[in-house]
Amino acid sequence: MQEEMITVPCPNCGKDVMWDELSPWRPFCSKRCQLIDLGEWAAEEKRIPSSGDQTDSDDWSEEQP
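Right, let's walk through the structure included here. Keep in mind it's a predicted model, so treat the numbers as computed, not measured.

Enumeration over the complete set of coordinates arrives at 0 aromatic pairs. Between Arg 26 and the ring centre of Trp 19, over which it is positioned, the NZ or CZ distance is 5.6 Å.

Moving on, we come to the pattern of salt bridges. Charged atoms that come close allow side chains of opposite charge to pair. The tally for this structure, following the rule as stated, stands at 3 salt bridges. Residue Glu 40 pairs with Lys 46 through a salt bridge whose shortest N-O separation is 3.2 Å. A relative accessible area of 27% means that Lys 46 is categorised as partly exposed. Put simply, Glu 44 and Arg 47 hold a salt bridge, and the shortest N to O gap is 3.9 Å.

About the criteria used
- Residues numbered from 1 in each chain as written.
- Predicted model: local features only at pLDDT ≥ 70, side-chain atom pairs only at ≥ 80, totals over all residues.
- Heavy atoms only, no water.
- Phe/Tyr/Trp six-rings, centres within 6.5 Å; stacked < 30°, edge-to-face > 60°.
- Lys NZ or Arg CZ within 6 Å of the ring centre and 35° of its normal.
- Salt bridge = Lys/Arg side-chain N within 4 Å of Asp/Glu carboxyl O.
- Buried < 20%, exposed > 50% of the residue type's maximum accessible area, 1.4 Å probe, protein only.

Here's what the structure looks like:
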């Protein structure tokens, strides 16, 4: 029985990546693409869209209840 090879596009460069244990940086094609993506998240160039204008600190207060 032959297993089907699953490939996914690298989120950074689009190169096809095999989805198995032989691809240690999956879904990225390389450590370089993985670090570029991490840097974009750290620099807040990428973000998950939200439906509201509320920030994490809106419900927080230094005042004692």
